[in-house]
2 protein chains.
Amino acid sequence: MANIKVLIVDDEPNIRDLLSTSLRFAGFSIHAVANGTDAIAAAEKGEPDIILLDVMLPDMNGFSVTKKIRSMGITAPVLFLTARDDVDDKITGLTVGGDDYVTKPFSLDEIVARINAIIRRTKPAEHEDSMIEVGEISINQDAHEVFVNGEMVDLSPTEYKLLRFLMTNPNRVLTKRQILEHVWEYDFNGEMGIVESYVSYLRKKLDPMTTEPLIQTKRGIGYMYKVAKSGH
Amino acid sequence: MANIKVLIVDDEPNIRDLLSTSLRFAGFSIHAVANGTDAIAAAEKGEPDIILLDVMLPDMNGFSVTKKIRSMGITAPVLFLTARDDVDDKITGLTVGGDDYVTKPFSLDEIVARINAIIRRTKPAEHEDSMIEVGEISINQDAHEVFVNGEMVDLSPTEYKLLRFLMTNPNRVLTKRQILEHVWEYDFNGEMGIVESYVSYLRKKLDPMTTEPLIQTKRGIGYMYKVAKSGH
DNA sequence: GGTTACTTTCAGAGAACTTTGAGAGCATAA
DNA sequence: TTATGCTCTCAAAGTTCTCTGAAAGTAACC
């Protein structure tokens, strides 16, 4: 993957750090600022490939920022961060370009998935594939569709995200905490038992269609999506 | 392996010494401090590759320390040390990026394994292989899987840890006390007979699949994982 | 051989962990 | 409103693991 530059704009330091750290770890180049004025300056100077933009900023709102940078000839797509209540026609109307939006609180895996989806759409040359195929299961990330040996399976949103996270880390044990922190929203306050529940749901739906169970339990640690090594 | 610098942050002198000594022995460069303020200074000056950070510190908690050093542009991954009770709800959001956590009381072997796992993930270039291969047995540390002559063996968590410790010290006699101190948690209060029990479990599972017994008894001292010297 | 000290193995109680089902609460759609 | 689906919690039931203690086995030494 080419080096993708992401500009993060959020006034809450917690969110900014959370996003910076985990997107940097996901392989993106990060520049983070706290307000609209800095965002406009950074967009002009840094030539980001994508902008993560909080809609509520202290000095101006995200839409004004977008209009301003677009008028400057910067076409980088914008991924808006917004509170759930603010998702009205303003946003849905604005996501015409390559833009998209995510509601707070989000999950880290969700943000990474959305960024990749946007890059896929806007830079077809240097993207990652929208299909994830590991073992007997394949996922179409654009359509959110899951196929087991060619047959489609209906998953709830959470089941889908959990499966996607497991499949992007095949043959590696993931602790329940890792799973919780990637798949669930960052302010989730509940118990890890929910991971166990959702693994159970996934197994119930997937195992009847596979030749062998795909999600292995690693007692005392967590779970692992197991695939036979292809190749040597 | 490149020289890995580890910054240890813990206010309990016992724990600090325990960690310093055994991590130094494991080949890391160590710098140890007792509080958050010193940790921030040391992180800035020493440029550690990884930070071992107690969550409960006298002056500030580990979360604040992490935020502070991350906001200074230091991206070193953090391995949090935390009491088992605090894991439930307070730590969510901590293990971003390459971070991980270990609950107190931990075992020394566990700490070394986690550090190596984090370095493998964050510095794929200069890491050690996730496979340990000694004699007829190989261990995949990512998947926590053990193979004897290519065939997989199912081990319990403690059996796995014991075998890993023996295999990282081949052809060296390990006293029962050494084994107890590395494989079991540091506050383990029981008898050394448990080492004998677990060696017995391992033999029962491994010996039927090897050409000769691999764990030798050194009467009056301890045990040794024996391998024929492969031509250098 | 006989004695002693150490080691191996077994069996079992209790603890820890996992799986699953039932259901409350909530949001969404008809 | 009612119906449907989803998320999450809780608890019961099942499973596996840990550790202890005792009995049987083995090596070392006199």
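Heads up: the structure comes first, above all this text.
Because the structure is predicted, anything quoted here is derived from the model rather than measured.

Novice: Would you mind going over the pattern of salt bridges in detail, with residue names and values included?
Specialist: Pairs can form between side chains of opposite charge whenever their charged atoms are close. Residues and elements named next belong to chain B. Throughout the structure, instances matching the rule amount to 26 salt bridges over all chains. Two residues, Asp-54 and Lys-104, come together in a salt bridge whose shortest N-O distance is 3.3 Å. Remark: Lys-104 occurs in strand β5 (residues 100-104) and Asp-54 occurs in strand β3 (residues 50-54); sequence separation between them is 50 residues. Accessibility classification places Asp-54 together with Lys-104 in one group, the buried group. One salt bridge in this structure joins Arg-164 and Glu-110, with 3.8 Å as the shortest N-O distance. Residue Arg-164 is found in helix α5 (residues 157-167), and its partner Glu-110 is found in helix α4 (residues 108-122); the two are separated by 54 residues along the sequence. Taken individually, Arg-164 and Glu-110 each receive the classification buried, so the pair is uniform in this respect.

Novice: Run through the protein's contact with DNA strand D, naming residues and quoting values.
Specialist: Within the structure, DNA strand D sits among 24 residues, and Ser156(A), Thr158(A), Tyr201(A), Ser156(B) and Thr158(B) are positioned closest to it. Sugar and phosphate atoms represent 70% of those atoms of DNA strand D found within 4 Å of the protein. Within the contact set of DNA strand D, a phosphate oxygen lies 2.6 Å away from a side-chain nitrogen or oxygen of Ser156(A). A distance of 2.9 Å separates a phosphate oxygen of DNA strand D from a polar side-chain atom of Tyr198(A). Residue assignment for the surface near DNA strand D shows that the elements contributing at least two residues are α6 (157-167) and α8 (193-206) of chain A together with α5 and α7 (193-206) of chain B. Residues that form the surface near DNA strand D fall into these classes: 12 nonpolar, 8 polar and 4 charged.

Novice: Can you explain the protein's contact with DNA strand C? Please cite residues and give values.
Specialist: Inspection of the region around DNA strand C gives 22 residues, with Lys176(A), Thr217(A), Lys176(B), Thr217(B) and Tyr223(B) positioned closest. Here the atoms of DNA strand C within 4 Å of the protein split so that 74% fall in sugar or phosphate, with bases taking the remainder. Contact distances for DNA strand C include 3.5 Å between a phosphate oxygen and a side-chain N or O atom of Ser200(A). Within the contact set of DNA strand C, a phosphate oxygen lies 2.7 Å away from a side-chain nitrogen or oxygen of Tyr223(A). Where the surface near DNA strand C is concerned, the elements lending two or more residues are α8 and β11 (215-218) of chain A together with α7 of chain B. Of the residues belonging to the surface near DNA strand C, the class tally is 3 nonpolar, 8 polar and 11 charged.

Calculation criteria
Numbers given to residues run from 1 along each chain, matching the order in which its sequence is written. Naming scheme: in the order in which they are written, chains are lettered from A and ligands are numbered from 1. pLDDT decides what is reported in this predicted model: residues at 70 or higher carry local features, side-chain atom pairs at 80 or more are listed and counted, and totals for whole chains, interfaces and linings draw on all residues regardless. To get the side-chain values, all heavy atoms of the structure are used, and hydrogens and water are removed first. Salt bridges are defined as contacts in which a side-chain nitrogen from Lys or Arg sits within 4 Å of a carboxyl oxygen from Asp or Glu. By the criteria applied, helices consist of DSSP H or I runs no shorter than four residues and strands consist of E runs no shorter than two, each listed in order from the N terminus. Each residue is assigned to one of three classes by its accessible area relative to the maximum for its type, calculated with a 1.4 Å probe on protein chains only: buried under 20%, partly exposed between the two thresholds, exposed over 50%. A molecule or strand has a residue near it when one of that residue's heavy atoms lies within 4 Å. Each polar contact in these results corresponds to two N or O atoms within 3.5 Å; when the atoms are within protein, one needs to be able to donate a hydrogen and the other to accept it, and residues that are neighboring in sequence are counted only if both atoms are side-chain atoms. Under the scheme applied, nonpolar residues are Ala, Val, Leu, Ile, Met, Phe, Trp, Tyr, Cys and Pro; charged residues are Asp, Glu, Lys and Arg; polar residues are all the others, including Gly.

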